[in-house]
Amino acid sequence: MFRILLSSFFLVLLYPTAIDLYLVGLPQIAADLKASESQLHMAFSIYLAGMAATMLFAGKISDVIGRKPIAIIGSAIFIAASFFAGMAQDAGIFLAARFAQGIGAGACYVVAFAILRDSLEDQLRAKILSMLNGITCIIPVIAPVIGHLIMLKFPWQTLFTTMAWMGIAVCLLSALIFKETRSKTPKGHQSTSPAGQESLLNLFFISRLVIAALGVTTILTYVNVSPMILMGELGLDRAGYSSVMAGTALISMLTSFSAPFALNYFKQQTLMISSQVLLFVSAVLLATITLEPLITILSYGLICAGFSIGFGVTMSQALSQFSQNAGVASALLGIAQVCCSAIYIWFMGIVGVNALNMLVFALAIGSTFSLALILLNSKLTDENHYEEVSSPS
């Protein structure tokens, strides 16, 4: 069990680390590569595009040949891409390397969730996924600090060397410690249909996919617009901005680690409903009490708590119906989250919606629609035995 959890945690951590670690070096990267910072900010979208492009293939192949080979190949691609990014002499090569990093991280991300589906029963999986979300919430706080410390002594290329070494650790962990889970009988809810008949078009799975995608869109919108709201509108300096974001990240972490204990006393559906209520309350506060510092910070705390309460449960329920197609289901979940977030933020930017309204719309629309899906699908939940699985013993 320890090997499985350790492998899954490290496989997932490649994804946020490659986003947050290099941001502190953008000015130096732009100067050395003779590119504008706005050009290099494209590296974020290109990285996500690499993830989205590879997830479905990685998931499908892992369902056929196993999780371990895909974890090794994905981490190897991530290692090579990280070294190439650090050696880039112009923006084109740098962006291509970032796309390749996304490919490697996307493969590892999909495999991590498939491993947990293979190995854990529903209730335990929901707890572990909540804890996993708590760990990933630490990265946006720790990674920029580590990046800053690195750049006090070393050039920006060392940031990508650090990513490469992290990839090497994941690759060695996958090759030497992780044991294949695909060949084992998956635990938890068992599909009554043969593997080839496990439908990815069933309403329950689609509803959980949509809820997860809307939740990730909300949290990424929050991360994307927070600098503009806190520093641009409220006038906080970088230290104040960093303090607020560190505080809300701490809320995310604490809530995520508390969710497993809450599942001992409350049904999974109760936590999912509570999650959406907190997000809706945050939307109301931001919309009705405009740019009041304390209310804004309170709303940020509700966003982080709401997302963290519900995400692990939603992902666990989405995966529970699949025994042989867990890799593909994990891939579709990841693709939906990445694409929904990117399209929403891009569209709102194109039509000129300001930062605050962009966040309010994401919160209000996402929470309302998700809450409707949870309530309308309550009968489906009963039919799939989730009430029994998630009830306290």
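## Overview of the overall build of the protein
Looking only at helices and strands, the protein has 15 helices and zero strands in total. Taken over 393 residues, the protein has a buried fraction of 53%. In the protein, the share of contacts with a sequence separation of at least 24, taken over all contacts with a separation of at least 6, comes to 85%. Split by element, the accessible area of the protein, about 16,400 Å² in all, is 72% carbon and sulfur.

## Structural notes on the confidence of the model for the protein
Summarising the model, the protein shows a mean pLDDT of 82, and 89% of its residues fall at 70 or more. Element-level pLDDT for the protein is lowest in helix H15 (residues 386-390), with a mean of 40, against a maximum mean of 94 in helix H4 (residues 67-87). Below a pLDDT of 50 lies the segment residues 382-393, which in the model reaches 25 contacts outside its immediate sequence neighbourhood of four places, other chains included.

## Focus: helix H7 (residues 157-177)
The terminal C-alpha atoms of H7, which comprises 21 residues, lie 30 Å apart, in line with the 30 Å expected from a rise of 1.5 Å per residue. The set of residues buried in H7 consists of Leu159, Phe160, Met163, Ala164, Gly167, Val170, Cys171, Leu173 and Ser174.

## Observations concerning the packing of helix H10 (residues 268-288) against helix H11 (residues 293-319)
When two helices pack together, their arrangement is given by the angle between the helix axes and by the axis-to-axis distance. Across the interface, H10 lies against H11 with an axial gap of 8 Å and an inter-helix angle of 155°. One way to sum up the angle between H10 and H11 is to call them roughly antiparallel. Remark: the crossing between H10 and H11 carries left-handed chirality. Residues that form the contact of H10 with H11 fall into these classes: 15 nonpolar, nine polar and no charged.

## Section: the environment of alanine 331
Tracing the backbone shows alanine 331 in helix H12 (residues 326-350). What makes alanine 331 buried here is its relative accessible area of 0%. Separated by 274 residues in the primary sequence, alanine 331 and phenylalanine 57 have C-alpha atoms spaced 8.1 Å apart. Sequence-distant contacts of alanine 331, defined by excluding residues within four places in its chain, comprise Met55, Leu56, Gly59 and Val110.

## Details of the nonpolar core
Grouped together as the largest cluster of nonpolar side chains are 93 residues, with contacts concentrated most on Phe94, Phe160 and Leu359. With 13 residues, helix H5 (residues 91-119) is the largest single contributor of residues to this core. Listed in part, the nine residues of the second largest apolar core include Ile211, Met272, Leu373 and Ile374.

## With respect to the packing of aromatic side chains
In total, this model carries nine aromatic pairs according to the counting rule given. Between the aromatic rings of tyrosine 109 and phenylalanine 113, the centroid separation amounts to 4.9 Å while the plane-to-plane angle is 65°, which identifies the pairing as edge-to-face. Here tyrosine 109 and its partner phenylalanine 113 are both found in helix H5, four residues apart, which amounts to about one turn of the helix. The class for tyrosine 109 is buried, based on a relative accessible area of 7%. When its relative accessible area of 4% is taken as the criterion, phenylalanine 113 is described as buried. Look at tryptophan 156 and phenylalanine 160: their rings are 6.1 Å apart centre to centre, the planes differ by 90°, and that puts the pair in the edge-to-face class. Neither residue differs from the other here; tryptophan 156 and phenylalanine 160 are each classed as buried. Through successive ring pairs, a cluster of aromatic residues spans Tyr22, Phe94, Trp156 and Phe160.

How each quantity is defined
Residues numbered from 1 in each chain as written. Predicted model: local features only at pLDDT ≥ 70, side-chain atom pairs only at ≥ 80, totals over all residues. Heavy atoms only, no water. Helix = DSSP H or I, 4+ residues; strand = E, 2+ residues; numbered from the N terminus. Buried < 20%, exposed > 50% of the residue type's maximum accessible area, 1.4 Å probe, protein only. Contact = heavy atoms within 4.5 Å. Areas by Shrake-Rupley, 256 points an atom, 1.4 Å probe, with all protein chains shown as cover. pLDDT = per-residue confidence, 0-100. Expected span 1.5 Å × (residues − 1). Axes fitted to C-alpha atoms, helices over the stretch in contact; angles between N-to-C directions. Parallel < 35°, antiparallel > 145°, perpendicular 65-115°, else oblique. Left-handed = near helix turned anticlockwise from the far one by under 90°. Nonpolar A, V, L, I, M, F, W, Y, C, P; charged D, E, K, R; others polar. Core = buried A, V, L, I, M, F, W, Y, C linked by side-chain atoms within 4.5 Å. Phe/Tyr/Trp six-rings, centres within 6.5 Å; stacked < 30°, edge-to-face > 60°.

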